[in-house]
Amino acid sequence: MTAMTTTTGTTPTPTPTPAGHVGPLATLRQTMTLAWRSLVQIKHNPWELLDLSIQPIMFLLLFTYVFGGAISGSTGDYLQFALPGLLVQNALFYTLSTAIGLNTDITKGVFDRLRSLPIARTAPLSGRIIADTAKQVWAFALLVGFGMVLGFRVETSVVGLLGALALLVVVALAMSWMSVLIGLKASNPEKVQMIAFSTMMPLTFTSSALVPSQTFPGWLEAWSDINPVTHLADAIRGLLIGGDVARATMISLLWAAGFAVLFAPLAIRAFRSRV
């Protein structure tokens, strides 16, 4: 009998290899897909849209009808003054949701699953920011529309209204990098909310967003005059109801550039090291 030797080999399990370089068009497509993912979540969690809608309306009603008469002598006069400031306050406060949502995705392992896919590393972060920008547009339209029902009037033009929206989105996007950094560094969403709220609230309430800075004590007025929120509120107010627009807009854009230059590289570095 002839002995036959059979060699039995085991088929090695293929090891996944990292995705190669992702081109700009593919990165853009992946970013928009993940932005859509964030927006579609509203359908499964309608409370997010309610929170985005109810909170700005609540602040508008509260400040107009509780403080308006005391500050301006008339709720109508105060509404004209305060609505642009409330638009700024709402936009900056909503950057906190970017930080909280980002931190939640990381701590719950969502980013670990996304990292295993052959997609651009920055797509999850960019997608979240773009989705939250779309929500900013919704909040702006809702607040202006409801304000007009209460008696607010745009005294400039449609161009001024669109310019106010564009400026608000640009500055909010730039300042959101600070919130993104907080969201990446904090250990849980509760700490994100505490740190970010403690940062945004003093910036907003020591500005001319809700009251004229001339009513502040001298030392606080001096701070208010360099507060970036003051310049943004003055620019939005000028675009909507008239006034000095060029100087306030230029200073707001310079502040936006400063926030982006300072915090964007730090946030991207923290993002890459964490995910």
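Residues numbered from 1 in each chain as written. Predicted model: local features only at pLDDT ≥ 70, side-chain atom pairs only at ≥ 80, totals over all residues. Heavy atoms only, no water.

A look at the nonpolar core
Residues Leu-87, Val-88, Leu-168, Trp-177, Val-180 and Ile-236 are the most contacted members of the largest nonpolar core, which totals 61 residues. Elements with a minimum of two residues in this core: helix 2 (46-72), helix 3 (75-107), helix 5 (123-150), helix 6 (158-185), helix 7 (189-205), helix 9 (228-241) and helix 10 (246-274). In contact with Val-180, other than residues within four places in its own chain, are Thr-98, Ala-99, Leu-102, Leu-125, Ile-129 and Ala-267. One finds Leu-34, Val-110, Ala-120 and Ala-123 within the second-largest nonpolar core, a separate group that totals seven residues. (Core = buried A, V, L, I, M, F, W, Y, C linked by side-chain atoms within 4.5 Å. Buried < 20%, exposed > 50% of the residue type's maximum accessible area, 1.4 Å probe, protein only. Helix = DSSP H or I, 4+ residues; strand = E, 2+ residues; numbered from the N terminus. Contact = heavy atoms within 4.5 Å.)

Some thoughts on the environment of Val-22
Mapped onto the elements, Val-22 comes out in the segment before helix 1 (24-44). Separated by 97 residues in the primary sequence, Val-22 and Ile-119 have C-alpha atoms spaced 6.9 Å apart. The contact partners of Val-22, leaving out residues within four places of it in the chain, are Thr-27, Gln-30, Ile-119 and Ala-120.

Regarding helix 3
Over its 33 residues, helix 3 runs 45 Å from end to end, which matches the ideal 48 Å to within 8%, given 1.5 Å per residue. At Ala-82, helix 3 shows its largest kink, close to 40°, and the proline Pro-84 lies no more than four residues downstream. Counting buried positions over the 33 residues of helix 3 gives 26, a clear majority of the element. Of the residues flanking the start of helix 3, the one acting as N-cap is Ser-74, its side-chain oxygen 3.2 Å from the backbone nitrogen of Gly-76. (Expected span 1.5 Å × (residues − 1). Bend = angle between axes of the 7 residues up to and from the residue. Polar contact = N/O pair within 3.5 Å; in protein donor to acceptor, adjacent residues only side chain to side chain.)

Describing the pattern of salt bridges
This structure, assessed with the given rule, holds two salt bridges. Arg-237 serves as the salt-bridge partner of Asp-234, at 3.3 Å between the closest nitrogen and oxygen. Within this pair, Asp-234 and its partner Arg-237 are both found in helix 9, separated by three residues, close to a single helical turn. Arg-237 sits in the buried class, given a relative accessible area of 9%. (Salt bridge = Lys/Arg side-chain N within 4 Å of Asp/Glu carboxyl O.)

Description of the layout of surface pockets
Considered as a void within the structure, the largest pocket measures approximately 620 Å³ in volume. Lining the largest pocket are 22 residues, with Asp-51, Tyr-94, Leu-96, Ser-97 and Ile-100 positioned closest to its centre. Looking at the lining of the largest pocket, the elements with two or more residues in it are helix 2, helix 3, helix 5 and helix 7. Considering every element that reaches the lining of the largest pocket, the biggest residue donor is helix 3, with nine residues. (1 Å grid on protein atoms, 1.4 Å probe; cavity = no way out; pocket = protein on both sides within 12 Å on 5 of 7 lines; lining within 4 Å. Points joined across faces, edges and corners; volume = space filled by probe spheres on them.)

Looking at the side chain of Thr-133
With respect to the secondary-structure elements, Thr-133 resides in helix 5. When its relative accessible area of 17% is taken as the criterion, Thr-133 is described as buried.

Remember that the coordinates give geometry; whether it matters functionally is a separate question.
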